[in-house]
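Analysis of the macromolecular model
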Amino acid sequence: MNEKEKIIIELIRQDPFITQQDLAERLNVSRSAVAGYISSLTRQGMIKGRAYVMNEGPGILIIGGANMDRKITLTEKVNMGDSNPAATGNTRGGVARNIAENLVHMGMDPNLLTVLGQDQDSEHLRKHAAECGLDLSLSLTRSDQSTGSYTAIFNPDHDLILAAADMAIYDTVMPDEVRKSFRKAGHCEWVAVDTNFSLEAMREILTQTAASKGTKLAVIPVSASKLNRIPYRPEQINLLILNHFEAITLVKNWTGHVTEDEKELMHHLTEEGVEQVIITKGAEGAYYQERGSQMRHQPAPQTNVVDVTGAGDAFSSGVLFSLSHNNPLDEAVRTGLLAAKATLESTDTVTSTVNETWIKSIQQS
Ligand SMILES: Nc1ncnc2c1ncn2[C@@H]1O[C@H](COP(=O)(O)OP(=O)(O)OP(=O)(O)O)[C@@H](O)[C@H]1O
Ligand SMILES: O=c1[nH]cc([C@@H]2O[C@H](CO)[C@@H](O)[C@H]2O)c(=O)[nH]1
């Protein structure tokens, strides 16, 4: 390496984006002479090439259900034990999948670890994921199981009468499959898990997350009946987002205390060791608390409810987006409430209204 080449290397080290023209001026030589030095340095292996630096954003792994949802809305008051006139429709669902799709719309690049059958529903879910850019490369397939499905029946006012979940496929996920997927995923800033997988698989998810330095864990229950799939390791949970009824049930399961009071529910969950807890309560909005501080509350914004499915998932997506972009919990809850409002005002479980432009506009408001 001659003197000029040594200076060029030093200048590139100080500013990897320095142009050949700038180098020429600093060395008092022509730009074409600089081009000659650069090709010589490249041949010598001192310069490996020019590269664009991508903004990868925070890595986030979402784990849990990807279902087909069947929505049945009665057109008249329910008549139990009889045939009821209704309007039906199918949509994509699954708490983990809904959250992952919302995050893709918001401009993030989440990886979804789920399990799908080999049927029409899985074909539809895979095709849609490919179209919207949702990464399913870590997901598993079962040829002998049906893709998860969720059938919800609503009264004419859009209130849920009952829902039925066929999700046996999720119980087939084995801890060693979870281990392999974590190895493939590499480092993530956040792991967010719903409670569709079995307790054994969930244990492995918590173990793998704890073993990955600096990775935060969010747990988002899908229903009160699946709360027993959360391993009792509250101190490993950085963020717990659950609705009021789930909070009452979890506190009872974990501590034996029976209470409906938000302050007491928060107290118990944070005392057990959870770092940040958010309890959503329908039109009342969200209560939240960080361990060692006071409970706070934000009311839900005025909303014209069209369809309630997916509101909780949109809320969780807004919170995860905001926290993974290093915003404080107050701001994350505000984003969650606004995402839930947009979803409630749409018939879609995941609404395309909540997208990158939307995120920018609410950040400025
Ligand atoms: N009737 C409503 N009016 C206004 N906002 C609502 C209403 N219902 C739900 N929300 C919003 O959605 C958020 C989540 O709703 P909720 O507490 O019912 O959780 P969830 O049971 O997980 O929801 P879902 O199962 O319907 O997705 C609330 O915190 C609130 O912001
Ligand atoms: O047990 C479950 N019930 C419902 C859901 C999903 O909840 C979504 C609405 O919040 C809906 O899409 C359904 O599939 C799930 O993933 N597991």
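All of these numbers come straight from a predicted model, not from anything done at the bench.

Basis of the calculations
- Residues numbered from 1 in each chain as written.
- Chains lettered and ligands numbered in written order.
- Predicted model: local features only at pLDDT ≥ 70, side-chain atom pairs only at ≥ 80, totals over all residues.
- Heavy atoms only, no water.
- Domains from an automatic or database assignment.
- Pairing = 2+ DSSP bridges.
- Helix = DSSP H or I, 4+ residues; strand = E, 2+ residues; numbered from the N terminus.
- Axes fitted to C-alpha atoms, helices over the stretch in contact; angles between N-to-C directions.
- Contact = heavy atoms within 4.5 Å.
- Core = buried A, V, L, I, M, F, W, Y, C linked by side-chain atoms within 4.5 Å.
- Buried < 20%, exposed > 50% of the residue type's maximum accessible area, 1.4 Å probe, protein only.
- Arc of directions from axis to C-beta.
- Patch = residues over 30% accessible without salt bridge, like charges linked within 9 Å, V, L, I, M, F, W, Y side chains within 5 Å.
- Areas by Shrake-Rupley, 256 points an atom, 1.4 Å probe, with all protein chains shown as cover.
- Salt bridge = Lys/Arg side-chain N within 4 Å of Asp/Glu carboxyl O.
- Phe/Tyr/Trp six-rings, centres within 6.5 Å; stacked < 30°, edge-to-face > 60°.
- Near = heavy atom within 4 Å.
- Polar contact = N/O pair within 3.5 Å; in protein donor to acceptor, adjacent residues only side chain to side chain.
- Nonpolar A, V, L, I, M, F, W, Y, C, P; charged D, E, K, R; others polar.

Okay, the domain arrangement of the chain next. Accessible area lost when the parts come together is the quantity often used to give the size of an interface. The domains assigned to the chain are domain 1 (3-43) and domain 2 (60-66 + 95-139 + 169-364). One C-alpha centre belongs to domain 1, the other to domain 2, and the line joining them spans 50 Å.

It is worth spelling out the sheet that holds strand S11 (residues 239-243) at this point. With mixed pairing, the eight strands of this open sheet are ordered in space as S4-S1-S9-S10-S11-S12-S13-S14. Only two strands of the sheet have a single partner each, and these edge strands are strand S4 (111-113) and strand S14 (296-298). The average angle at which neighbouring strand axes cross in this sheet is 15 degrees, direction not considered. Against the sheet, helix H10 (residues 311-324) contacts strand S1 (60-63), strand S9 (190-194), strand S10 (216-220), S11, strand S12 (276-280) and strand S13 (286-290), and its axis sits at roughly 160 degrees relative to S11.

Turning our eyes to something else, we now look at the nonpolar core. Ile62, Leu239, Ile278, Phe315 and Leu320 are the most contacted members of the largest nonpolar core, which totals 44 residues. With near-sequence residues (within four places) excluded, Leu239 lies in contact with Trp190, Leu217, Ala218, Val219, Gln276, Ile278, Val319, Leu320 and Leu323.

Another point: the sheet that holds strand S7 (residues 149-154). With respect to topology, four strands assemble into an open sheet ordered S3-S2-S7-S8, the strand pairing being mixed. Either end of the sheet is taken by a strand with one partner, and the two such strands are strand S3 (86-93) and strand S8 (160-166). Strand after strand, the sheet turns through a mean of 15 degrees between neighbouring axes, direction not considered. In this sheet, S3 lies alongside strand S2 (residues 67-74) in antiparallel orientation, the contact comprising eight bridges. Along S3, the bridge assignment pairs Ile72 with Thr88. Across the face of the sheet, helix H5 (residues 120-132) comes into contact with S2 and S3 while running at roughly 105 degrees to S2.

Owing to its 3.6 residues per turn, the α-helix aligns residues three or four sequence positions apart on the same side. Within helix H12 (residues 356-364), burial applies to Trp358, Ile359 and Ile362. Take H12 and look down its axis: the buried residues cluster within an arc of 100 degrees, on one side only. Residues of H12 that are exposed and point over 90 degrees away from its buried face: Thr357 and Gln364. In this structure, the buried side of H12 is in contact with H10 and helix H11 (329-344).

Further remarks concern a nonpolar patch on the surface. Residues Val78, Met80, Ile161 and Leu162 make up a contiguous nonpolar surface patch of roughly 350 Å² in combined accessible area. With respect to the helices, strands and loops of the structure, Val78 is situated in the loop between S2 and S3.

This part covers the packing of aromatic side chains. Aromatic ring pairs are defined here through the distance separating the ring centres and the angle between the ring planes. Evaluated as defined, the whole model comprises two aromatic pairs. When the ring of Tyr232 is compared with that of Trp254, the centres are 5.5 Å apart and the planes differ by 80 degrees; the resulting orientation is edge-to-face. Taken together, the positions of Tyr232 in the loop between S10 and S11 and Trp254 in helix H8 (residues 244-255) put the pair 22 residues apart, joining distant regions of the chain. Residue Tyr232 is classed as partly exposed on the basis of its relative accessible area of 49%.

Taken together, 16 residues lie around ligand 1, and Asn243, Thr280, Gly282, Val308 and Gly312 are the ones closest in. A distance of 3.4 Å is found between an oxygen atom of ligand 1 and a backbone nitrogen or oxygen belonging to Lys281. Contact with the protein chains removes 74% of the 620 Å² of surface that ligand 1 exposes when unbound. Sorting the residues of the shell around ligand 1 by element identifies H10 and H11 as the ones contributing at least two each. Classifying every residue of the shell around ligand 1 gives eight nonpolar, seven polar and one charged.

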